[in-house]
Amino acid sequence: MLKTYKDPEWNPEDPKRWDPALAWRTLWITTFNLTLAFITWYVVSALAVRLPKVGFELSTLQLFWLTAMPGLAGGTLRIIWTFLPPILGTRHLVTFSRGAVAAVD
């Protein structure tokens, strides 16, 4: 079982514990990443309708699934990843995520 660290003094409403620079940097990084994710979903949807014209023989059902899969996968993983940080701890989760990305690369 993984050990998790819980800060007994953590109070997100305490202004002394907030770092505005870190908060803004986190906001910019998150916004950039989400924008890239939505761009990826849009590109897949835009290209799917043009695939039959360039020689791919896909049925209408296959095209719908091709268009839906990025959104379904992203939504499902987002639900799962919402509950993992409190269970595993952020440090373990980031280590696991980076390891998974490294394994794929």
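For the structure, check the block above.
What you are looking at is a predicted structure, and each value in this text was computed from that prediction instead of being measured.

(A) Highlighting the overall build of the chain. Helices and strands together make up the secondary structure of the chain, namely 3 helices and 0 strands. Its helices and strands in sequence order give the chain the pattern α-α-α, from N to C terminus. Its C-alpha atoms give the chain a radius of gyration of 20 Å, more than 25% over the compact-globule value 13 Å for 105 residues. C-alpha atoms of the chain, sized along the principal axes, occupy 60 × 35 × 25 Å. Across the 105 residues of the chain, 6% fall into the buried class. Here the analysis covers contacts within the chain between residues at least 6 apart in sequence; of these, 40% occur between residues at least 24 apart. Accessible surface for the chain amounts to roughly 9,300 Å². Of this, 70% is attributable to carbon and sulfur atoms. Across the chain, the centroid of the 10 positively charged side chains sits 5 Å from that of the 7 negatively charged ones.

(B) Seen up close, the environment of arginine 98. As for its position among the elements, arginine 98 is in helix H3 (residues 90–104). Sequence spacing of arginine 98 and isoleucine 29 is 69 residues, and the spatial spacing of their C-alpha atoms is 17 Å.

(C) Just the environment of tryptophan 24, in detail. Note on placement: tryptophan 24 falls in helix H1 (residues 20–48). Placed 65 residues apart in sequence, tryptophan 24 and glycine 89 show a C-alpha to C-alpha distance of 23 Å.

(D) Region of interest: the packing of H1 against helix H2 (residues 60–88). In contact at an axis separation of 7 Å, H1 and H2 are set at 160 degrees when each is read in the N-to-C sense. Here H1 is positioned roughly antiparallel relative to H2, judged by the angle of their axes. Here the hand of the crossing between H1 and H2 comes out left-handed. Along the contact surface, H1 presents Leu34, Trp41, Val44, Ser45 and Ala48, while H2 presents Leu63, Leu66, Thr67, Pro70, Gly71, Gly74 and Arg78. Each residue belonging to the contact of H1 with H2 can be placed in one class, and the counts come to 7 nonpolar, 4 polar and 1 charged.

(E) Quick peek at H3. Here H3 spans 21 Å end to end across 15 residues, near enough to the 21 Å set by a 1.5 Å rise per residue. The element H3 is largely exposed, with a buried count of 1 among its 15 residues.

(F) A look at a nonpolar patch on the surface. Together, Phe32, Leu36, Ile39, Tyr42, Val43 and Leu47 make up a nonpolar patch on the protein surface, roughly 610 Å² of accessible area in all. Following the sequence through the fold, tyrosine 42 ends up in helix H1. Its relative accessible area of 59% is what places tyrosine 42 among the exposed residues.

Cut-offs applied
Residues numbered from 1 in each chain as written. Predicted model: local features only at pLDDT ≥ 70, side-chain atom pairs only at ≥ 80, totals over all residues. Heavy atoms only, no water. Helix = DSSP H or I, 4+ residues; strand = E, 2+ residues; numbered from the N terminus. Rg over C-alpha atoms; globule rule 2.2 N^0.38 Å. Buried < 20%, exposed > 50% of the residue type's maximum accessible area, 1.4 Å probe, protein only. Contact = heavy atoms within 4.5 Å. Areas by Shrake-Rupley, 256 points an atom, 1.4 Å probe, with all protein chains shown as cover. Lys, Arg positive; Asp, Glu negative; His and termini not counted. Charge placed at Lys NZ, Arg CZ, Asp CG, Glu CD. Axes fitted to C-alpha atoms, helices over the stretch in contact; angles between N-to-C directions. Parallel < 35°, antiparallel > 145°, perpendicular 65-115°, else oblique. Left-handed = near helix turned anticlockwise from the far one by under 90°. Nonpolar A, V, L, I, M, F, W, Y, C, P; charged D, E, K, R; others polar. Expected span 1.5 Å × (residues − 1). Patch = residues over 30% accessible without salt bridge, like charges linked within 9 Å, V, L, I, M, F, W, Y side chains within 5 Å. Salt bridge = Lys/Arg side-chain N within 4 Å of Asp/Glu carboxyl O.

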